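Residues per chain are reported as follows:
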Amino acid sequence: MPAVQETVDRVRQIDVDQYRYGFETLIESEKAPKGLDEDTVRFISAKKDEPAWMLEWRLEAFRRWQTMAEPTWARVDYPKIDYQDLYYYAAPKQTKALASLDEVDPEILRTYEKLGISLREQEILAGVVRPDGEGAPEERRVAVDAVFDSVSVATTFQAELKKAGVIFMPISHAIREHPELVQKYLGSVVPTSDNFFATLNSAVFSDGSFVYVPPGVRCPMELSTYFRINEKNTGQFERTLIIADKGAYVSYLEGCTAPQRDENQLHAAVVELIAHDDAEIKYSTVQNWYPGNSEGQGGIYNFVTKRGDCRGRNSKISWTQVETGSAITWKYPSCILRGDNSRGEFYSIAISNGYQQVDSGTKMIHLGKNTTSRVISKGIAAGKSQNTYRGLISAHRKATGARNFTACDSLLIGDKCGAHTVPYVEAKNSSALFEHEATTSKISEDVLFYCVQRGLSQEEAVGLVVNGFVKDVLQQLPMEFAVEAQKLISISLEGSVG
Amino acid sequence: MSALLEVNNLKVRVEDREILHGLTLTVNKGQVHAIMGPNGSGKSTLSHVIAGKPGYEVTDGEILFEGDDLLAMEPDERAAKGVFLAFQYPVEIPGVATMNFLRTALNAQRKARGEAEMSTPDFLKKVREVCTRLNIPQDMLKRGVNVGFSGGEKKRNEVLQMALFEPSLCILDEMDSGLDIDALRIAADGVNALRTPDRGFVVITHYQRLLNYIVPDVVHVMSHGRVVKSGGKELALELEESGYAQFEDKAA
Ligand SMILES: Nc1ncnc2c1ncn2[C@@H]1O[C@H](COP(=O)(O)OP(=O)(O)O)[C@@H](O)[C@H]1O
Ligand SMILES: [Mg+2]
């Protein structure tokens, strides 16, 4: 059989059953009763020992959600979700008030080990020689918060972060320990009324990370959260809130995985970022939720609202995402460029294979003077997938001197997939300068053959070519994760070409 | 002398049109064979089929490499076994640094042969040595594979890979096109340095000029998908004077 034909046939087979993170952890869990009503919301709030104001906030969101309809404008197609057929809370049993990591269920720790995440500070510290206290170590370290279904199971490096004044803890703890900060900022970027999924999240969010970096502090290490959905039929609704006070800097990375299942699972997260004067937040995502099998069964429905508010002058927010998983991705990490001279960036790699559907992009809302934004999007579609970039660049009347540069490149592997670019531009200010470039190309058989003639397998060749295609974005990831992401990209495309 | 490459009665179709009509050719170890012929006679097609490029349908005949059925092997397997094709038109691979590409390819071949990966110092040493010999500035290796390379740089990059991978069968498809005389000499020297009793070469060219630098043992004339005449190196000179027209007529 000529290899061209073989290539086409293989693409048709769409083999995405190579998901490496598809194991299930057998642990006992405690769930809220199935379905969603006010009692579910009260149950979650009570489980978290929340103050009354928090419960009120959730209930208000829930009441509003009942009046809202699911959005339909995205280029994604899925059966109607029965919101009463889901669990909204699942917790590994006996995780209350853990005094140390030793009390974490070893099964959970093993799960994170399998995922290549080391939670044990001593393990992380093992290779690092440093006198306690002074002298920053040569090696960069990463503080990890691990969220298992609805609860945070472990957060590392607490003490050291505390010394720097950085607060990094599960949001459920922050609600109790730092209510003034949470009350001030929660919902200030993504209001409870924002959109169907964000409102749902506001009512039932379970856990997630909270970060506060005080004025003038540069967070001494990368912060990272790993989210894991384990339970069946359970939605995950995490909520992340990150505040960089004046002149502060923080780099944060989230990673996501889930077991292989035949049913679809719902994930509706909200992330809010606030950057004050001269502050900078770098937020990176490596999203590898289970994408479903080769028949298009199962996989995570990923409906996520992520927004950053460049509230202060000269502030900067940069989103970098590597999206390889999920059956459906509906996600538009955005920046509100409120402060004068503020800057927003969006760097994205979105890979779809099998029957995956991606509708992702960004919104850059220029409100302040001389605000700038940059959007680099790389979409790779293989198998029978659909990959859409949807972006909005807008300049307010008062946003004099607003600048945007957008480049969207799409790469198609095979002829059964689709790539689409939907840019929206609104310039209400005549001095705004927006540039947009877009390209769509098919992966070249000649390039693949060149690589194969030099000894690479077809799959290695595809991985290499795609990694070259996304290089500009990969470079934006923190070093520690760039290599990981590169491997992930190759893995997600396995079986895409013969 | 043992046979390195045997092509017997090879018939090849592209999109329902037969391009090679029963081509036969044997290259022994230690030999350099030149294949000359007018544009469109099927020279590149032959090189592609030997290397295993998709899109060609072999309807008859066989290709043996060191006695094994080459057509039964995947193209990457052929590469690991020592089949190297220096392309007439080397492609660009944006975002993939040449150095990274060389290393990935070399280690892929070694892995396929069950050998250990080459260590970084050994690899760098080898690359440096070859670059010096071929007059390739190391800076070129930081750039994307062939991206923004001049015609001459692309061809030198092909010879660089040939020198690095040390294949046993080297097929050079119009290595001379786009090269000025100095670049041609350097590239030819690179090729000559690889001439050993174990290795065989198929040098495809339209012009006799290249054969002044890479002196062949056997010259074949190809026309309309067949070898129409074979001879010694003097055949190339003869062609230079009389042109291909005589063979065109014969085949028509
Ligand atoms: N992919 C292809 N599709 C259709 N015809 C092709 C293809 N490749 C080569 N040919 C045809 O095959 C013949 C031989 O081409 P080629 O092998 O490139 O000749 P040469 O290298 O000797 O110039 C030409 O007539 C050319 O048009
Ligand atoms: Mg040719």
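About the criteria used
- Residues numbered from 1 in each chain as written.
- Chains lettered and ligands numbered in written order.
- Predicted model: local features only at pLDDT ≥ 70, side-chain atom pairs only at ≥ 80, totals over all residues.
- Heavy atoms only, no water.
- Helix = DSSP H or I, 4+ residues; strand = E, 2+ residues; numbered from the N terminus.
- Contact = heavy atoms within 4.5 Å.
- Areas by Shrake-Rupley, 256 points an atom, 1.4 Å probe, with all protein chains shown as cover.
- Donors = N, O, S within 2.8 Å, 3.2 Å for Na, K, Ca; no water.
- Buried < 20%, exposed > 50% of the residue type's maximum accessible area, 1.4 Å probe, protein only.
- Near = heavy atom within 4 Å.
- Polar contact = N/O pair within 3.5 Å; in protein donor to acceptor, adjacent residues only side chain to side chain.
- Nonpolar A, V, L, I, M, F, W, Y, C, P; charged D, E, K, R; others polar.
- Phe/Tyr/Trp six-rings, centres within 6.5 Å; stacked < 30°, edge-to-face > 60°.
- Expected span 1.5 Å × (residues − 1).
- Pairing = 2+ DSSP bridges.
- Axes fitted to C-alpha atoms, helices over the stretch in contact; angles between N-to-C directions.
- Arc of directions from axis to C-beta.
- Buried area = accessible area lost by both parts, 1.4 Å probe.
- Salt bridge = Lys/Arg side-chain N within 4 Å of Asp/Glu carboxyl O.
- Parallel < 35°, antiparallel > 145°, perpendicular 65-115°, else oblique.
- Left-handed = near helix turned anticlockwise from the far one by under 90°.

**Remarks on the overall build of chain A**
No. 1: For chain A, the count of helices and strands is 13 helices and 23 strands.
No. 2: Across chain A, the fraction of contacts at a sequence separation of at least 24, relative to all contacts at a separation of at least 6, is 84%.
No. 3: Here chain A displays about 18700 Å² of accessible surface, and carbon together with sulfur accounts for 48% of that area.

**Observations regarding the coordination of the magnesium ion (ligand 2)**
Residue and element names in this part refer to chain B.
No. 1: Around the magnesium ion (ligand 2), the protein contributes the donor atoms S44 (OG) and Q88 (OE1), at 2.1 to 2.4 Å from the metal centre. Here Q88 lies in the loop between β6 (83–86) and β7 (93–97) and S44 lies in helix α1 (residues 43–51), a separation of 44 residues in the sequence.
No. 2: A relative accessible area of 16% places Q88 in the buried class.

**What about the site of ligand 1?**
Residues and elements named next belong to chain B.
No. 1: Residues in contact with ligand 1, as listed here, are V14, E15, R17, I19, P38, N39, G40, S41, G42, K43, S44 and T45.
No. 2: Contact distances for ligand 1 include 2.9 Å between an oxygen atom and a side-chain N or O atom of R17.
No. 3: Between T45 and ligand 1, the recorded distance is 2.5 Å, taken from a side-chain N or O atom to an oxygen atom.
No. 4: Of all the secondary-structure elements, those providing two or more residues to the shell around ligand 1 are β2 (17–28) and α1.
No. 5: If one sorts the elements of the shell around ligand 1 by residue count, α1 sits on top with 3 residues.
No. 6: Per-class residue counts for the shell around ligand 1 are 3 nonpolar, 6 polar and 3 charged.

**Here we look at the packing of aromatic side chains**
No. 1: Enumeration over the complete set of coordinates arrives at 23 aromatic pairs over all chains.
No. 2: Residues Y301(A) and F303(A) carry aromatic rings whose centres are separated by 6.3 Å and whose planes lie at 75 degrees to one another, so their mutual orientation is edge-to-face. Here the two residues Y301(A) and F303(A) agree in accessibility, since each one is buried.
No. 3: Between Y450(A) and F87(B) the ring centres are 5.3 Å apart and the planes differ by 40 degrees, which places this aromatic pair in the tilted class. With one member in each of two chains, Y450(A) in helix α10 (residues 445–453) and F87(B) in the loop between β6 and β7 form a pair that bridges those chains. Comparing Y450(A) with F87(B), the two get one shared label, buried.
No. 4: In this structure an aromatic cluster arises from ring pairing among F62(A), W65(A), W73(A), Y78(A), Y83(A), F196(A), F197(A), Y301(A), F303(A), W330(A) and Y332(A).

**Structural notes on helix α5 (residues 151–165) of chain B**
No. 1: Across its 15 residues, α5(B) extends 22 Å between first and last C-alpha, which sits within 8% of the 21 Å expected from 1.5 Å per residue.
No. 2: Across the 15 residues that make up α5(B), a large majority, 14, are buried.

**Quick notes on the sheet that holds strand β10 (residues 200–205) of chain B**
All names here are of chain B.
No. 1: Read across the sheet, 6 strands follow the order β6-β9-β10-β3-β11-β12 without closing on themselves; strand pairing throughout is mixed. The sheet is open, and its two edges are formed by β6 and β12 (226–231), each paired on a single side. Averaged over all adjacent pairs, the angle separating strand axes in this sheet is 20 degrees, with direction ignored.
No. 2: In terms of strand pairing, strand β3 (residues 32–36) meets strand β11 (residues 218–223) through 4 bridges, oriented parallel. Note on β11: the bridge partner recorded for I35 is H220.
No. 3: Relative to the sheet, α5 contacts β6, β9 (169–173) and β10, its axis offset from that of β6 by approximately 165 degrees.

**Brief notes about helix α2 (residues 38–47) of chain A**
Because the α-helix completes a turn every 3.6 residues, residues three or four places apart line up on one side.
Residue and element names in this part refer to chain A.
No. 1: Regarding α2, the residues found buried are T40, V41, I44 and S45. Along α2, the residues classed as buried sweep out an arc of 135 degrees about the axis, all on the same side. What points out from α2, more than 90 degrees from its buried face, is the exposed set D39 and A46.
No. 2: Taken together, the buried residues of α2 touch α3 (52–66) and α9 (196–204).
No. 3: Residue D37 occupies the N-cap position of α2, its side-chain oxygen lying 3.0 Å from the main-chain nitrogen of D39.
No. 4: Of the residues trailing α2, D49 is marked for its positive phi of about 60 degrees.

**So, the interface of chain A and chain B**
No. 1: Between chain A and chain B, the residue contacts involve 22 residues of the former and 33 residues of the latter.
No. 2: Note on chain A versus chain B: buried area summed over both sides is about 2200 Å², and carbon and sulfur give 69% of it.
No. 3: Ranking the residues of chain A by area buried against chain B places F449(A), Y450(A) and R454(A) at the top, with a combined share of 36%.
No. 4: Here chain A is connected to chain B by 2 salt bridges.
No. 5: We note a salt bridge from E158(B) to R454(A), for which the minimum N-O separation is 2.9 Å.
No. 6: Between the two partners, chain A and chain B, sit 9 residue pairs in polar contact (both at pLDDT 80 or more).
No. 7: Where the side of chain A that touches chain B is concerned, the elements lending two or more residues are α1 (3–13), α10 and α11 (458–469) of chain A.

**Description of the packing of α10(A) against α11(A)**
The relative placement of two packed helices is expressed as an angle between their axes plus a distance between the axes.
All names here are of chain A.
No. 1: Contact geometry of α10 with α11 gives a least axis separation of 9 Å together with a crossing angle of 120 degrees. By the angle between their directions, the pair α10 and α11 is classed as oblique. Crossing of α10 over α11 shows right-handed handedness. Between α10 and α11, the contacting residues are V447, L448, C451 and V452 on the first element and Q458, A461, V462, L464 and V465 on the second.
No. 2: Grouping the amino acids of the contact of α10 with α11 by side-chain chemistry returns 8 nonpolar, 1 polar and no charged.

**Details of the pairing of strand β16 (residues 334–337) of chain A**
Residue and element names in this part refer to chain A.
No. 1: A two-sided burial pattern is seen for β16, the buried positions comprising S334 and I336 on one face and C335 and L337 on the other.
No. 2: Across 4 bridges, strand β13 (residues 299–310) lies against β16 in parallel orientation. Within β16, the residue paired with G308 across the bridge is C335.

**Observations regarding the pattern of salt bridges**
Residues and elements named next belong to chain A.
No. 1: Taken as a whole and assessed by the stated rule, the structure comprises 27 salt bridges over all chains.
No. 2: We note a salt bridge from R42 to E38, for which the minimum N-O separation is 3.4 Å. Residue R42 and its partner E38 are located together in helix α2, separated by 4 residues, close to a single helical turn.
No. 3: A relative accessible area of 25% means that E38 is categorised as partly exposed.
No. 4: Its salt-bridge partner being R239, residue E272 comes within 2.9 Å of it at the nearest N-O pair. Pair noted here: E272 is in strand β11 (residues 270–275) and R239 is in strand β8 (residues 239–244), with a separation of 33 residues, a long-range link.
No. 5: For E272, a relative accessible area of 0% corresponds to the buried category.
No. 6: Beyond isolated ion pairs, a larger network of salt bridges with shared partners links E280, K316, R343 and E345.

**Thoughts on the environment of R63(A)**
All names here are of chain A.
No. 1: Mapped onto the secondary structure, R63 falls in helix α3.
No. 2: Sequence separation of R63 and T225 is 162 residues, and the distance between their C-alpha atoms is 30 Å.
No. 3: Ignoring any residue separated from it by four or fewer positions in sequence, one finds R63 in contact with E38 and E56.

Coordinates in, geometry out; function isn't part of it.
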